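Single-letter residue listing:
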Amino acid sequence: MRVFRIAISALILGTVGADAASRPSVIDLGLLSSRGIGKPSSSASQSKAGATEMRLSAVGGKSDFPFVAAYTAMSNVGPDKGLTRSALDAQIFKMAAPAVVLVVTKDGLGSGSLISRDGTILTNYHVVRGFDTVAVLFKPAIEGADPRPEDAIAATVTKINETKDLALIRVAIVPPNVSPLKLGTLSAVDVGGDVHAIGHPEGRSWTFTKGIVSQIRQDFSWSSDDKVVHQATVIQTQTPISPGNSGGPLLDDQGALVGVNSFYAGEGQNLNYAVSVS
């Protein structure tokens, strides 16, 4: 077990919602199986799809999320189609990983995707639920290095969509040479096609996994541990995801963001789901 300890400044923890004064100045990032983001439970609607176990306090305030169509991400240069599969995977990670962030709250951690140069980040609602401000860390320059406490940036929760389990947060500062992910479309997602995920499963930061699209589920419903019923078009994949991946990107072979990794089934195998960004 590898556990990070990241000290978050009073500027961040002092403004992250109710009861801020009682919150610790240090957050443990690591194996969060007992309180992790995106852990499945045994109950769900529609095909027993499983549900995310969300151990965050009730949200206050923001709603009516006009999803990411309102945000135009600057287009990255796509991967070279002539590469072998392993070389293509490596290029996708190299291109996309800097735009994937670690999202930290008092209650746990999740992932997010930078989608605009103005600092807008897309994540899951359940990752930030109950907070007005969270901490965000961008990928260290050295591969495999732990994020440093001094690199934590405050991010404001700007929009939420509880039904789709999506949220937008925004940082005031984006590191130099970090480009936002380009937004893909559901029409470009094929059953049987390769997809890729980057996130922080069980606290293992900036982990890359891949799999195939198993099916696209239109208007899919699932329920969460607090009885919230979510509904959205989701991409069912075999791409391995774990607690800590929630809010992170599902990418196509062009490195475009096509889904937000959100939950996996408590029953069955390789039943993982990402909310479509289309």
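You'll find the structure just up there.
Residues numbered from 1 in each chain as written. Predicted model: local features only at pLDDT ≥ 70, side-chain atom pairs only at ≥ 80, totals over all residues. Heavy atoms only, no water.

This paragraph deals with the sheet that holds strand β14 (residues 249-251). Through backbone hydrogen bonds, the strands of a sheet pair up, either in parallel or in antiparallel fashion. Pairing in this closed barrel of 6 strands is antiparallel, and the strands run β11-β12-β13-β16-β15-β14 around the ring. Here the strands of the sheet are splayed against their neighbours by 50° on average, with no regard to which way each runs. (Pairing = 2+ DSSP bridges. Helix = DSSP H or I, 4+ residues; strand = E, 2+ residues; numbered from the N terminus. Axes fitted to C-alpha atoms, helices over the stretch in contact; angles between N-to-C directions.)

Of all hydrophobic cores here, the largest spans 50 residues; its most connected members are V103, L122, V128, V136, F138, I169 and I198. Here V103 is in contact with G108, L109, G110, S111, G112, V127, V128, V134, A135, V136 and I169, once residues within four sequence places are set aside. Listed in part, the 9 residues of the second largest apolar core include V195, V213, I235 and A274. (Core = buried A, V, L, I, M, F, W, Y, C linked by side-chain atoms within 4.5 Å. Buried < 20%, exposed > 50% of the residue type's maximum accessible area, 1.4 Å probe, protein only. Contact = heavy atoms within 4.5 Å.)

What follows covers the side chain of Q236. Looking at the secondary structure, you find Q236 in strand β13 (residues 229-237). Taking relative accessible area as the criterion, Q236 reaches 7% and is therefore assigned buried. Non-local contacts of Q236, meaning those with residues more than four positions away in its chain, are made with I212, V213, S214, Q215, R217, L271, N272 and Y273.

What follows concerns the packing of aromatic side chains. Counted according to the given criterion, the structure contains 6 aromatic pairs. Summarising the aromatic geometry, the rings of F220 and Y273 are spaced 5.3 Å apart at their centres and angled 15° between planes, so their arrangement reads as stacked. Taken together, the residues span a long stretch of sequence, with F220 in strand β12 (residues 207-223) and Y273 in strand β16 (residues 272-276) at a distance of 53 residues. In terms of burial, F220 and Y273 fall into one category: buried. Consider the rings of W222 and F263, whose centres lie 4.6 Å apart with planes at 20°: the pair is stacked. On the criterion of sequence distance, the pair formed by W222 in strand β12 and F263 in strand β15 (residues 257-264) is long-range, its members being 41 residues apart. On the accessibility criterion, F263 (1% relative accessible area) is buried. Of the aromatic side chains, those joined through ring pairs into one cluster are F220, W222, F263 and Y273. (Phe/Tyr/Trp six-rings, centres within 6.5 Å; stacked < 30°, edge-to-face > 60°.)

Let us now look at the pairing of β12. Regular strands place side chains that alternate from one sheet face to the opposite one. Relative to β12, strand β11 (residues 194-199) runs antiparallel, the two sharing 6 bridges. For V195, the partnering residue across the bridge sits in β12 and is G211. Where β12 and β13 come together, 8 bridges link them in antiparallel fashion. For F220, the partnering residue across the bridge sits in β13 and is A232.

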